[in-house]
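# Descriptive structure summary
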Amino acid sequence: MAIKLKSLSEIEAMRKAGLLLWETHQLAASMVEPGITTAEIDAAVDHFIVSNNALPLFKGVPGAYPFPNATCISLNEHVVHGLPSERKLREGDIISLDIGIKLDGWCSDAAVSYPVGEIKKEYQQLLTTTEDILRYAIQQMGTAQRWSEISNKMQEMAETAGFSVVRELVGHAIGREMWETPQVPNYYAHDLPDFRLQPGLVLAVEPMINAGLRDVVLLSDQWTIATLDDKPSAHFEHTIAITENGVKVLSCGPNGEGWAM
């Protein structure tokens, strides 16, 4: 499929979706503390999105069965697509919150990993490194010519820190639909087409970095993807546009605040 470039007016519409998504993430983040269930976080996110005349982008996504929730909440060794449940957060957990919305026909997608209270030093380093990798990608999108120039360095950053990059899951272009062409790897990808970075391109860039091996497994719930070695994983994501006037992060706060900024 052809790459769908967006006009400035379309990017402005996507920014409105991104701002609402930012507010949604702030609500979710405010609830992250020991003792709360992941289902409680998801219920609050779902209500907030719908009450703001938007759609929870993930709910109903087809799979073995339609994804049932507004939020993907992945804990510790869970990489992505975790199902909210009655599991209570505990001190020392890592929680990854992945949320998508559709507002006035435009999509926005963003994810962030948080420590729950005090976590192990090596786990904090995993979060810091993954956030730094996304920050690097954002900074380079305005100057690199092709995506491979960025993704190769993203992989190098992860591996230099002693971590590994998930290969089975990648980022994606985004617009009227959540998943558009091209696919956006976080590693040197000889099996995926490279592409030119150009104005009008809007990408959901989302490094998924494991503390141990890069290998992952699909759990019996048919949605949650976890590390094969049960070591923790981190996930940071923003929706990002390339314009004639530079790179614009569409899912950050109103004053440009946010993770990896």
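Before reading further, recall that the structure is shown in the block above.
Everything in this summary refers to the structure shown in the same document. (Residues numbered from 1 in each chain as written. Predicted model: local features only at pLDDT ≥ 70, side-chain atom pairs only at ≥ 80, totals over all residues. Heavy atoms only, no water.)

### Quick notes on the overall build of the protein chain
Quick reminder of the rule: Numbering of helices and strands runs from the N terminus; a helix is a DSSP stretch of H or I covering at least four residues, while a strand is a stretch of E covering at least two. The globule rule used here is 2.2 Å times the number of residues to the 0.38 power, and the radius of gyration it is set against is calculated over C-alpha atoms. Only protein chains enter the accessibility calculation, which uses a 1.4 Å probe. A residue is then buried if its area is under 20% of the maximum for its type, exposed if over 50%, and partly exposed in between. Contacts were defined at the residue level, with two residues in contact if any of their heavy atoms lie within 4.5 Å. The Shrake-Rupley method, run with a 1.4 Å probe, gives the accessible areas here. Residue values count only the displayed protein chains as cover.
Counting secondary structure elements, the protein chain contains four helices and 15 strands. A globule of 261 residues ought to have a C-alpha radius of gyration of about 18 Å, and the protein chain, at 17 Å, matches this closely. Counting all 261 residues of the protein chain, 54% fall into the buried class. In the protein chain, of all internal contacts separated by at least 6 residues, the share reaching a separation of at least 24 is 68%. Working note: accessible area of the protein chain is about 11200 Å², and carbon and sulfur atoms make up 51% of it.

### Brief notes about the sheet that holds strand β10 (residues 208-210)
Basically, it comes down to this: A pair of strands is labelled paired if DSSP reports no fewer than 2 bridges between them.
Read across the open sheet, the three strands follow the order β6-β10-β13; overall the sheet is antiparallel. The two strands at the open ends of the sheet, each matched to only one other strand, are β6 (164-165) and β13 (233-235).

### Details of the pairing of strand β4 (residues 94-103)
Extensive coverage of β4 is indicated by the burial of nine of its 10 residues. As paired strands, strand β1 (residues 55-56) and β4 are joined by two bridges and run antiparallel to one another. Considered in β4, the bridge of L55 is made with K102. Pairing of strand β2 (residues 71-75) with β4 involves five bridges; the strand directions are antiparallel. Directly across from I73, in β4, lies its bridge partner L97. Counting the residues in the hairpin turn of β4 and strand β5 (residues 106-115) gives two residues, including D104, whose phi is positive at 50 degrees.

### Quick word on the packing of aromatic side chains
Stated formally: Two rings from Phe, Tyr or Trp (for Trp, the six-membered ring) form a pair when their centres are within 6.5 Å of each other. A pair whose planes differ by under 30 degrees is stacked, one over 60 is edge-to-face, and the rest are tilted.
Taken as a whole, this structure holds four aromatic pairs when the rule is applied. Connected via pairs of aromatic rings, a cluster forms that spans Y65, F67 and W223.

### Considerations on the nonpolar core
Soluble globular proteins tend to pack their nonpolar side chains together in the buried interior. Selection rule: Here, nonpolar core means buried Ala, Val, Leu, Ile, Met, Phe, Trp, Tyr and Cys residues that are tied together by side-chain atoms lying within 4.5 Å of each other.
The biggest cluster of nonpolar side chains holds 63 residues, and the ones touching the most others in it are I41, I95, W147, I150, L197, L203 and V205. Here this core takes seven residues from helix α3 (residues 121-140), the largest share from any one element. Not counting residues up to four positions away in its chain, the partners in contact with L203 are M141, W147, H172, A173, I174, P182, V184, F195, L197, H238, T239 and I240. If you look at the next biggest cluster of nonpolar residues, it comprises 16 residues, including M14, F67, V202 and W223.

### Description of the sheet that holds strand β3 (residues 78-80)
In a beta sheet, neighbouring strands pair by backbone hydrogen bonds and run either parallel or antiparallel. Selection criterion: Axes here refer to lines fitted to C-alpha atoms; in helices the fit is confined to the stretch in contact. Angles between the N-to-C directions go from 0 to 180 degrees.
Spatially, three strands are ordered β3-β12-β11 in an open sheet, and the strand pairing comes out antiparallel. For this open sheet the edge positions go to β3 and β11 (216-218), each flanked by a neighbour on one side alone. Averaged over all pairs of adjacent strands, the angle between strand axes in this sheet comes to 40 degrees, irrespective of strand direction. Inspection of the sheet shows β3 paired to strand β12 (residues 225-227) by two bridges, in the antiparallel sense. The partner of H78 across the bridge, within β12, is A226.

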